[in-house]
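# Summary of the model geometry
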Amino acid sequence: MHSRFAPPLFALLTALALPVHADNYSVPKNHAFEEECASCHMAYPPQMLHADSWRAMMGNLSRHFGSDASLDEKRRTAITDFLVTQSGGRKTGDTRDARGTPLLRITETARFAKKHREIGAATWRRASIKSPANCTACHAQAAAGDYNERSIRIPK
Amino acid sequence: MRYILIIAATLFAASAQAEAPRDFLARFEKEAGAAASAERGARFFTTKQGGEWSCASCHTEKPMQAGRHAKTDKAITPLAPAANAERFTEAAKVDKWFRRNCNDTLNRLCSAQEKADVMAWLLALR
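Residues numbered from 1 in each chain as written. Chains lettered and ligands numbered in written order. Predicted model: local features only at pLDDT ≥ 70, side-chain atom pairs only at ≥ 80, totals over all residues. Heavy atoms only, no water.

## Let's talk about a positive patch on the surface
Applied cut-off: Exposure above 30% relative accessible area and no salt bridge define the residues that can form patches, which grow by joining like charges within 9 Å and nonpolar side chains of Val, Leu, Ile, Met, Phe, Trp and Tyr within 5 Å. For the area figures, the Shrake-Rupley method with a 1.4 Å probe applies, and any residue is considered shielded solely by the protein chains shown. What makes a salt bridge here is a side-chain nitrogen of Lys or Arg within 4 Å of a carboxyl oxygen of Asp or Glu, nothing more. As used throughout, the charge tally considers Lys and Arg to be positive and Asp and Glu to be negative, leaving His and the chain termini uncounted. For this purpose, a charge sits on NZ of Lys, CZ of Arg, CG of Asp or CD of Glu. By the criteria applied, helices consist of DSSP H or I runs no shorter than four residues and strands consist of E runs no shorter than two, each listed in order from the N terminus.
Together, Lys 91, Lys 114, Lys 115 and Arg 117 of chain A give the surface a local cluster of positive charge. Mapped onto the elements, Lys 91 of chain A comes out in the loop between helix H4 (73–85) and helix H5 (110–115).

## Digging into the state of the cysteines
We count it as follows: Any cysteine sulfur atom paired with another within 2.5 Å is treated as part of a disulfide. The rule is simple: take the accessible area with a 1.4 Å probe, protein chains only, and divide by the maximum for that residue type; under 20% is buried, over 50% is exposed, in between is partly exposed.
For the coordinates displayed, the defined rule picks out 1 disulfide over all chains. Here Cys 102 of chain B connects covalently by a disulfide to Cys 110 of chain B, the sulfurs 2.0 Å from one another. Across the S-S bond of Cys 102 of chain B and Cys 110 of chain B the torsion is about -100°, and the bridge reads as left-handed. Here the two residues Cys 102 of chain B and Cys 110 of chain B agree in accessibility, since each one is buried. Unpaired in this structure, Cys 135 of chain A has its nearest cysteine sulfur neighbour in Cys 138 of chain A, at a distance of 9.2 Å. When its relative accessible area of 12% is taken as the criterion, Cys 135 of chain A is described as buried. Looking at Cys 58 of chain B, it has no disulfide partner, and the nearest cysteine sulfur is the one in Cys 40 of chain A, 8.0 Å off. Looking at Cys 58 of chain B, the relative accessible area reads 13%, which means it is buried.

## With respect to the packing of helix H2 (residues 21–32) of chain B against helix H6 (residues 112–124) of chain B
Residues and elements named next belong to chain B. Selection criterion: To obtain an axis, a line is fitted to C-alpha atoms, over the contacting stretch when the element is a helix, and the angle between two such axes runs from 0 to 180 degrees between their N-to-C directions. Roughly parallel means an angle under 35 degrees; roughly antiparallel means over 145; roughly perpendicular covers 65 to 115; every other angle is labelled oblique. Less than a right angle of anticlockwise turn of the near helix away from the far helix marks a crossing as left-handed, whereas a clockwise turn marks it as right-handed. A contact between two residues is defined here by any heavy atoms of the two lying within 4.5 Å. Residue polarity follows a fixed list, in which Ala, Val, Leu, Ile, Met, Phe, Trp, Tyr, Cys and Pro are nonpolar, Asp, Glu, Lys and Arg are charged, and the others, Gly among them, are polar.
At their nearest, the axes of H2 and H6 sit 8 Å apart, and the two run at 150° to each other. Between H2 and H6, the angle is such that the two are roughly antiparallel. Remark: the crossing between H2 and H6 carries left-handed chirality. Packed against H2, whose contacting residues are Pro 21, Arg 22, Phe 24, Leu 25, Phe 28, Glu 29, Glu 31 and Ala 32, the element H6 presents Ala 112, Gln 113, Lys 115, Ala 116, Met 119, Ala 120 and Leu 123 at the interface. When its residues are assigned to classes, the contact of H2 with H6 shows 10 nonpolar, 1 polar and 4 charged.

Structure follows, in structure tokens:
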């Protein structure tokens, strides 16, 4: 008898749980992505760029922001598939430049600019922050996908 | 029968990638056709070779300790095998990182002699 009520109850609980996760950018588990991408920098959430940006990035790994991040073809394809599958949706906003070229830096997207409009140039340059790409400097829980306002601590 | 095959396949996979740091020194020396020099390796590792960075820019001048990525600040575990048992145990990884990092620091691939020298120095660190 209980089972008859289980699906609606489950749906209700899921709906209630949704707002809590609205700001959650946790990175889905993927061994190749972690090993290859997160050995040099933090694992940037795939949700923060659209699929065309990830495809463009994965198509030029030997010149990856000034570094050689080249991979064997098998891994390159596997990681591209992962990024494309997990790439951003409507909330991610526009991730192309004025000419329509897919952006490669999350920090250049409109959503990033809007969310960080209160941060001045001098703050970005602080030794404790280094660059806008260093999410964890201020978002201490970024690695866990938490970029929430209340988790922010801007270091001096 | 199926389990035996699985076990056999696992053992084969494990044996295929289990290499010791000394194996790489031997391999690079053989490819170079000359003995390695730890002293030359130390100099190579700690000085810039034409690029913006030296190996030490990220791995520090004493790779028994942890380093930090010169650009992203991401922590890097020690490179010297005596300090980190995971280093130089898998050919695919060793080749991949020499390819990437030599391109970043020298704007070209490293010669077998250069790799042999660096291996000799890293293996001598305690």
